[in-house]
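# Structural features, examined
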2 protein chains.
Amino acid sequence: MTAPLGRYEAVARDMLAAARPLARQHFRTPLAVERKSDLSPVTLADRAIERAMKQVLDEACPGHGILGEEFGSRDADARHLWVIDPIDGTKSYIAGVPLFGTLIALLEDGVPILGVIDMPILGETWIGRAGEATHLNDSPCATTQGCRLSQATLFATSPDQFAPDGLADFDRLSRACTARRFGGDCYSYGLLASGHVDLILEDGLEPYDFLPLVPVIEGAGGVITDWSGAPLTLASTGRVLAAATPALHREALEVLRQA
Amino acid sequence: MTAPLGRYEAVARDMLAAARPLARQHFRTPLAVERKSDLSPVTLADRAIERAMKQVLDEACPGHGILGEEFGSRDADARHLWVIDPIDGTKSYIAGVPLFGTLIALLEDGVPILGVIDMPILGETWIGRAGEATHLNDSPCATTQGCRLSQATLFATSPDQFAPDGLADFDRLSRACTARRFGGDCYSYGLLASGHVDLILEDGLEPYDFLPLVPVIEGAGGVITDWSGAPLTLASTGRVLAAATPALHREALEVLRQA
């Protein structure tokens, strides 16, 4: 690890300081909603926030690459790559639901070494740094220990996010758990890092959705991988499994492998 | 209308003042979760809050009846009946998600004349009084006008809440809308009253889930009925359709009738 993580965390905090007023300013105001080519919604708020975050990066880390949800990538082959999602949960944002978040990852040689989940309305910020304890605001946080699969509640944002074969896997894993719950986007991962949520299975995510989660989950004692148990990278397929403990993650992987 | 609504609203506010500290005190603390006979979860927080609200009612309105989620009914045939749900969205509450709410309705001769949706963590309180404008905190609020079904996003708490025939209806209505979104419990109805959500279809609700919503939705310009378009009463089946406008409600009813 060669990155000066403290300095990069300060950059991420500057990005949040630029992003939050914009997220709050446009929240619950009438917003024109466009549909992107994948039919996901986008508003001027998404774009204004990403632009503001990029401006911070341009000044603070001019040699670094950037991959954003709305404007694509720049210098994507740089050793240090920032991966940002200005509003994760745009559907929530449009509906006035405060469960949307701003996500930031910093990759070094392709590995996420810094991850941020920021909830602008709720005032909750999870920051994960590789090899260190994840913090929620100013306090370290940790996942719940000892939860077995049969006691777990399984979280996903929506059944509609799964491809047909993935939905069958999700249903099978649901039946191995005690209950399931929908909604949440990135917030469920923050709650997992803080010990309130045990298990999440999602499909159809993009690198800017899942790479920022990796240091947050791992620094809290959890495990986050793709559905085969492999680490999440820029090349991952968008199928994400997150669990509070290695044991729970293994139990869930076993059920997924029964396909 | 003979009820002194202002006085009864003050009683409801006293109930909230007793309920909120308990909801906040137990939020994100380790709670034993029991399963009721219908497998819905309940915690000591649900019970403590309902007990505190009943105590306020016993002192303020000794001649009134009470129907609560956790402890059943008392004097259910009284002319005035309070219908209360201490924590609507117990699954959210257990998972540390602040989208749970406390619900209060006052029925006069079976008709909801006062309705309250209170979000203890988010600090948002919707109060509806029959024949008057609904308020969010201290400001009047209103539904969005002019949304057509083909532009609407359909909300429900979970696909798992629907009986099989109801799920077919929900899927058909989903296809007539632009998108659908899960999660939310009572909060979606508050957001509908404030103009952020257009359409909600739910199944499997109980009187304490839906009766408090009626004055809130109606006083904001919306329409809330069962799936046949009939008013919601203590005897309703738990199938609820809420829309921002009468026109949108009619469009949705037409799709439901195509079964």
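About the criteria used
- Residues numbered from 1 in each chain as written.
- Chains lettered and ligands numbered in written order.
- Predicted model: local features only at pLDDT ≥ 70, side-chain atom pairs only at ≥ 80, totals over all residues.
- Heavy atoms only, no water.
- Helix = DSSP H or I, 4+ residues; strand = E, 2+ residues; numbered from the N terminus.
- Expected span 1.5 Å × (residues − 1).
- Buried < 20%, exposed > 50% of the residue type's maximum accessible area, 1.4 Å probe, protein only.
- Contact = heavy atoms within 4.5 Å.
- Polar contact = N/O pair within 3.5 Å; in protein donor to acceptor, adjacent residues only side chain to side chain.
- Axes fitted to C-alpha atoms, helices over the stretch in contact; angles between N-to-C directions.
- Parallel < 35°, antiparallel > 145°, perpendicular 65-115°, else oblique.
- Left-handed = near helix turned anticlockwise from the far one by under 90°.
- Pairing = 2+ DSSP bridges.
- Salt bridge = Lys/Arg side-chain N within 4 Å of Asp/Glu carboxyl O.
- Domains from an automatic or database assignment.
- Buried area = accessible area lost by both parts, 1.4 Å probe.
- Nonpolar A, V, L, I, M, F, W, Y, C, P; charged D, E, K, R; others polar.

## Overview of helix H4 (residues 164-176) of chain B
Residue and element names in this part refer to chain B. Between its terminal C-alpha atoms H4 stretches 19 Å, which fits the 18 Å expected from 13 residues at 1.5 Å a residue. Among all positions in H4, only Gly166, Asp169, Phe170, Arg172, Leu173 and Ser174 are buried. Residues of H4 that are buried make contact with strand E11 (153-156), strand E12 (179-182), strand E13 (199-202) and helix H8 (246-256).

## A look at the side chain of A:Thr102
Residue position: A:Thr102 is located in strand E6 (residues 101-108). Within the structure, A:Thr102 has its side chain in polar contact with the backbone oxygen of A:Pro86 (distance 2.9 Å).

## What about the packing of helix H1 (residues 5-26) of chain B against helix H2 (residues 44-60) of chain B?
All names here are of chain B. Contact geometry for H1 and H2: axes closest at 9 Å, N-to-C directions at 155°. Comparing their axes, H2 and H1 come out roughly antiparallel. Regarding H1 and H2, the two cross each other, and that crossing is right-handed. Packed against H1, whose contacting residues are Arg7, Val11, Asp14, Met15, Ala18, Ala19, Leu22, Ala23 and His26, the element H2 presents Leu44, Ala45, Ala48, Ile49, Ala52, Met53, Val56, Leu57 and Ala60 at the interface.

## Considerations on the sheet that holds E12(B)
Residues and elements named next belong to chain B. The strand order across the open sheet built from 5 strands is E12-E11-E13-E15-E14, with neighbouring strands paired in mixed fashion. Only two strands of the sheet have a single neighbouring strand rather than two, namely E12 and strand E14 (223-225). Taken over all neighbouring pairs, the strand axes of this sheet differ in orientation by 15° on average, direction set aside. The sheet contact formed by E13 and strand E15 (residues 240-243) spans 4 bridges and is antiparallel. Bridge pairing in E15 places Leu199 opposite Ala243.

## Observations regarding the pattern of salt bridges
Residues and elements named next belong to chain A. Counting across every chain of the model gives 30 salt bridges over all chains. Two residues, Glu34 and Arg47, come together in a salt bridge whose shortest N-O distance is 3.0 Å. Of this pair, Glu34 sits in strand E1 (residues 34-35) while Arg47 is found in helix H2 (residues 44-60), placing the two residues 13 residues apart along the sequence. Between Arg148 and Glu251 there is a salt bridge whose closest N-O contact spans 3.2 Å. Here Arg148, found in the loop between strand E10 (139-140) and strand E11 (153-156), pairs with Glu251, found in helix H8 (residues 246-256); they are 103 residues apart in sequence, far enough to count as distant.

## Focus on the domain arrangement of chain A
Residues and elements named next belong to chain A. Considered domain by domain, chain A is made up of domain 1 (5-138) and domain 2 (149-256). Just the C-alpha atoms count here: the centres of domain 1 and domain 2 sit 21 Å apart. With 33 residues of domain 1 at the contact, the number on the domain 2 side is 21 residues. Summed over both partners, the interface of domain 1 with domain 2 buries about 2,000 Å², with 71% contributed by carbon and sulfur atoms. When residues of domain 1 are sorted by the area they lose upon contact with domain 2, Pro112, Ile117 and Trp126 head the list and together hold 25% of the total. Run the count over domain 1 and domain 2 and you get 0 salt bridges. Residue assignment for the side of domain 1 that touches domain 2 shows that the elements contributing at least two residues are strand E3 (65-68), strand E5 (80-88), E6, strand E7 (111-119) and strand E8 (124-129). Ranked by the residues each element gives to the side of domain 1 that touches domain 2, the list is headed by E7, at 7 residues. Each residue belonging to the side of domain 1 that touches domain 2 can be placed in one class, and the counts come to 20 nonpolar, 7 polar and 6 charged.

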